[in-house]
Structure formats: C-alpha cells, structure tokens
Amino acid sequence: MSSYYNICLDVGGTKVLGVIFDENREIIYRLKKKTTEGGDKTENIEQVIIGVVDQMIKESGINKKKLHAIAACAPGVIDQDSGIVLFTPNLPWRDYDIKTPMENKFGVPFYIGNDVNLGVLGEYKFGAAKGYKNVVGFFVGTGMGGGLILNGKLYTGNKFKAGEYGHMILDPEGPLCNCGQRGCLEAFASKKGMTAYISQQAARGRKSIIADNISNGVFRSKFLKKALEEKDVVAQEAVDRACHYLAIATGNMINTFSPDIVIYGGGVIEAVGDIFLEKVLAEVDRYCMPSIRSTVDIKQAALGDDSVIYGELAMIEAADKKGDKSDEKKSDKKQDKSASGKKQSKKK
Ligand SMILES: [Zn+2]
C-alpha cells in the first residue's frame with residue numbers, strides 16, 4: 001500500500017483525462033470523461049473536474065486521507081505560481097481562480113500549468129529528454145504547441161506567455177492561422193493546418209479518405225495513419241508540407257537556442273511520429289548551422305499521451321521540494337535567531 005497518492009488531470013477542450021500516481025510514480029488508476037457535457041460555463045467545467053476527482057477516489061478505492069496533491073493543466077496562459085488561469089482559447093476561463101475552489105473542496109494543494117509546458121517538463125524529467133539540459137519541444141496536435149527547458153529550467157517568459165513558436169511566421173502570404181496571422185507553423189503543420197490543406201484539395205475534386213473523416217474542423221490522428229498506410233496521395237502531400245515547415249521551424253529554433261535536444265510530441269506524433277521524424281531529419285540540416293546542428297539530438301517524445309500527466313507530477317514534486325526548502329530555511333532562520341540572540345546576550 002502506498003503511503004500517499006497524487007491525482008493528475010489533463011484538461012482539454014473536449015475531455016478530462018485523470019490518473020492516480022502512487023508514491024513510486026506508478027499509475028494505479030485512469031479515468032477519461034468528456035467536458036462538453038453540461039454546457040460550456042466556467043463553473044460547469046470546474047464541476048466536471050471535481051466530479052472526475054470524486055469519481056476517481058471512489059472507484060479506485062484509495063483512502064481519501066492519503067491524497068497528497070492534485071495537479072491539472074489547461075491549454076492557454078496560466079500563472080503557475082498563483083494557480084490563476086489568465087486566458088484559455090478553448091475553455092471559457094478568463095482570469096479564473098480554479099485553485100481556491102479545488103483546495104477548499106479536497107483539502108490538499110492544487111497546482112495548474114500550461115499543457116504543452118508541462119508536456120515538455122514531463123519528457124524532461126521522465127521521458128525522451130531526461131538527462132538533457134536545454135530542450136526545445138514541439139507538440140503537434142489540433143494546434144502546434146511549444147515548450148522550452150533552458151539551463152535545466154522551464155522557461156515561461158514574461159507573465160507565463162513564452163513558448164508560442166507554433167505561431168512563428170514562416171510565410172507571411174501563407175494560409176490563414178487560427179491566431180489571425182498568415183503562414184504560422186501551426187497553419188502548415190498542425191492537424192488544423194493539414195486538415196485545411198486536405199479540405200482545399202477535396203474541394204478541387206481530388207479524392208482523400210481523410211476528407212470524409214473530418215469533424216469539428218480536424219481529422220482524427222488514427223485516420224491520418226490509415227491514409228498514409230493506404231498511400232493516400234493528398235494525405236501524403238499534407239504530411240510532406242507539414243514536415244517541410246516543421247523542419248524550417250526546427251532549424252530556426254536550433255540556431256536560436258543551441259539546445260541539447262529537440263523533441264516532438266502530441267497526438268499526431270503519437271500516431272505517425274516515425275514518418276514525421278524521418279521527413280524532418282531529411283531536411284532540417286538545410287535550415288540550421290552545421291556546427292550548432294552537430295550537438296543537437298532530435299527525438300520523438302517517449303511518454304505518448306502521458307507526457308503532460310508526468311509533467312504535472314514533476315510540478316507537484318518541485319512544489320514539495322520548494323516546501324521542504326522553505327521549511328529548512330525557516331528552521332535555519334530560527335537557529336540563526338537563537339544563535340545571534342545568544343551572541344547578543346554574551347555581548348551584554
Ligand atoms: Zn498563428
């Protein structure tokens with residue numbers, strides 16, 4: 001029996017994935033639930049999350065008193081220190097304090113961070129980037145996420161807004177991006193970007209099995225895998241184009257940061273990562289300086305869908321460590337005080 005448990009939640013636009021970790025970082029329980037049920041109001045998503053945690057505790061049979069901490073993520077700008085969700089593009093949270101109601105409800109610390117940042121942190125602590133000091137992460141999903149570890153630390157920039165290099169502009173006259181700009185990496189290499197290309201070609205009368213499998217503006221990654229296996233020409237073109245621009249963006253990031261490793265994660269990579277990696281590797285050397293390229297490893301994420309969940313565990317463990325240190329400092333100060341007090345009394 002584990003002496004304590006952590007609950008980690010991956011909160012997306014359409015679903016919440018929850019896991020329970022035991023003290024050995026083993027996942028002992030999993031739950032997946034849709035967030036779209038019950039409308040789109042701020043409180044409703046909070047209620048869904050609370051419901052998921054309640055259900056997980058109940059169904060797993062863990063002792064509620066042994067719950068140590070809860071961590072979550074969301075896509076968007078999140079003040080990781082205060083737990084305030086400043087802005088999320090796919091969830092109705094604006095300057096929203098989710099920390100307080102969660103801590104009040106469950107009586108344990110609650111932490112929240114940006115999903116891609118935590119995905120990179122997870123790979124850095126427990127996955128493909130373990131042992132490296134400088135990490136550039138690209139997460140290829142519905143959109144294109146970025147996360148940076150610099151000198152062994154997650155780089156969040158001013159007001160936690162760093163890492164948006166999915167919106168690096170690679171062609172100002174390129175296709176329209178979700179952000180309002182044209183020609184961002186996301187507009188070429190994300191599921192949205194690839195779907196837009198495939199839809200355009202289908203509208204011109206070309207056939208693709210993916211064109212018949214689009215819902216909410218994107219295909220599902222498993223259909224991309226199937227299409228590539230069946231040598232669907234339009235799908236192959238979309239992937240070639242995605243990888244071409246991903247290689248350019250990767251080259252730019254390699255020149256800028258001279259990282260130890262570049263990792264690719266996210267749903268698309270989980271499904272067809274081998275193909276992406278091969279194509280990017282074939283081109284990337286053209287877009288960065290050979291001397292810098294020579295010291296960079298390029299790999300796929302190792303934790304698959306769980307990168308973010310492991311990043312949340314790392315966030316909990318970092319907070320525990322910080323807590324221990326501040327406790328030590330407090331007791332050090334006490335000792336200092338009593339020591340200086342003694343000195344003073346001696347002087348007298
Ligand atoms: Zn953009």
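Residues numbered from 1 in each chain as written. Predicted model: local features only at pLDDT ≥ 70, side-chain atom pairs only at ≥ 80, totals over all residues.

Attention now moves to the nonpolar core. Counting 94 residues, the largest nonpolar core has Ala71, Ala72, Ile112, Val135, Ala242 and Leu246 as the members making the most contacts within it. A total of 13 residues in this core trace back to one element, the largest contributor, which is helix H7 (residues 233-257). Each of domain 1 (5-114 + 312-331) and domain 2 (128-302) gives at least three residues to this core. Excluding residues that lie within four positions of it along the chain, Leu246 makes contacts with Phe138, Leu185, Ala189 and Val280. (Core = buried A, V, L, I, M, F, W, Y, C linked by C-beta atoms within 7 Å. Buried ≥ 20, exposed ≤ 12 C-beta atoms within 10 Å, placed from the backbone. Helix = DSSP H or I, 4+ residues; strand = E, 2+ residues; numbered from the N terminus. Domains from an automatic or database assignment. Contact = placed C-beta atoms within 7 Å.)

Let's shift gears to the sheet that holds strand E8 (residues 110-114). Reading across the sheet, the 5 strands line up as E3-E2-E1-E4-E8 and stay open at both edges, with mixed pairing between neighbours. Two strands in the sheet have a free side with no partner beyond their single neighbour: strand E3 (27-34) and E8. Neighbour to neighbour, the strand axes of the sheet diverge by 15° on average, direction disregarded. Where strand E4 (residues 67-74) meets E8, 5 bridges bridge the pair, whose relative direction is parallel. Counterpart to Ala74 in the pairing with E8 is Asn114. Sitting on the sheet, helix H2 (residues 99-106) is in contact with E4 and E8, with an inclination near 150° to E8. In the packing of helix H3 (residues 115-126) onto the sheet, contacts are made with E4 and E8, and the angle to E8 comes to roughly 100°. (Pairing = 2+ DSSP bridges. Axes fitted to C-alpha atoms, helices over the stretch in contact; angles between N-to-C directions.)

On to the packing of H7 against helix H8 (residues 267-283). Any two packed helices are characterised by the angle at which their axes cross and by the distance between the axes. The geometry of H7 relative to H8 is characterised by a closest axis approach of 8 Å and an angle of 55° between their N-to-C directions. In terms of axis orientation, H7 runs oblique to H8. Between H7 and H8 lies a crossing of right-handed hand. Contacts between H7 and H8 involve Val239, Asp240, Cys243, His244, Leu246, Ala247 and Thr250 from the former and Ile275, Phe276, Lys279, Val280 and Glu283 from the latter. Broken down by class, the residue content of the contact of H7 with H8 amounts to 7 nonpolar, 2 polar and 3 charged. (Parallel < 35°, antiparallel > 145°, perpendicular 65-115°, else oblique. Left-handed = near helix turned anticlockwise from the far one by under 90°. Nonpolar A, V, L, I, M, F, W, Y, C, P; charged D, E, K, R; others polar.)

So, about H3. It helps to recall that an α-helix has 3.6 residues per turn; residues three or four apart then point in one direction. Taking 1.5 Å of rise per residue, 12 residues should cover 16 Å, and H3 covers 16 Å from first to last C-alpha, within 8% of that figure. A large share of H3 lies buried, amounting to 10 of its 12 residues. Listed in full, the buried residues belonging to H3 are Asp115, Val116, Asn117, Leu118, Gly119, Val120, Leu121, Gly122, Glu123 and Tyr124. (Expected span 1.5 Å × (residues − 1).)

For the rest of this paragraph, the subject is the pairing of E3. When strand E2 (residues 15-21) meets E3, the two strands line up antiparallel, connected through 7 bridges. The partner of Phe21 across the bridge, within E3, is Ile27. Where E2 hands over to E3, the hairpin turn is made up of 5 residues, of which Arg25 adopts a positive phi near 65°.

What follows concerns the domain arrangement of the protein chain. One widely used convention gives an interface's size as the accessible area the parts lose upon coming together. Domain boundaries assigned for the protein chain yield domain 1 (5-114 + 312-331) and domain 2 (128-302). The centre of domain 1, based on its C-alpha atoms, is set 28 Å off from the matching centre of domain 2.

Take helix H5 (residues 191-203) next. If you check H5, its first and last C-alpha atoms are 18 Å apart, about what 13 residues at 1.5 Å a residue would give, namely 18 Å. What H5 keeps buried is the set Lys191, Lys192, Gly193, Met194, Thr195, Tyr197 and Ile198. Each element contacted by the buried residues of H5 is listed here: helix H4 (185-189), strand E12 (214-215), strand E13 (218-219), H7 and H8. Of the residues flanking the end of H5, it is Gly205, one or two places downstream, whose phi is positive at about 95°.

Here we come to the pairing of strand E14 (residues 261-265). Most of E14 is tucked away, with 5 of its 5 residues classed as buried. Neither face of E14 is open: one carries Ile261, Ile263 and Gly265, the other Val262 and Tyr264, and all of them are buried. Examined bridge by bridge, E14 and strand E15 (residues 297-300) share 4 bridges and lie parallel to one another. Note that in E15 the partner of Ile263 across the bridge is Lys299.

Turning our eyes to something else, we now look at the sheet that holds strand E7 (residues 94-97). Overall, antiparallel pairing links the 3 strands, which are arranged E5-E6-E7 in an open sheet. Looking at which strands have only one partner, the edges of the open sheet turn out to be strand E5 (77-79) and E7. Taking each pair of neighbouring strands and ignoring which way they run, the sheet shows an average axis angle of 20°. Strand direction decides the pairing type here: strand E6 (residues 84-87) and E7, joined by 3 bridges, are antiparallel. When the sheet's bridge partners are listed, Val85 is paired in E7 with Tyr96.

Attention shifts here to the environment of Pro109. With respect to the helices and strands, the residue Pro109 is situated in the loop between H2 and E8. For Pro109, a count of 18 C-beta atoms within 10 Å translates into the label partly exposed. Spatially, the C-alpha atoms of Pro109 and Lys192 are 36 Å apart, while their sequence positions differ by 83 residues. Here Pro109 is in contact with Ala69, Glu103 and Ala319, once residues within four sequence places are set aside.

Phi at Arg25 takes a positive value of approximately 65°, unusual for a residue other than glycine. If you trace the backbone, Arg25 turns up in the loop between E2 and E3. Of note, the phi angle at Asp95 is positive, near 45°, even though the residue is not glycine. Of note, Asp95 is situated in strand E7.

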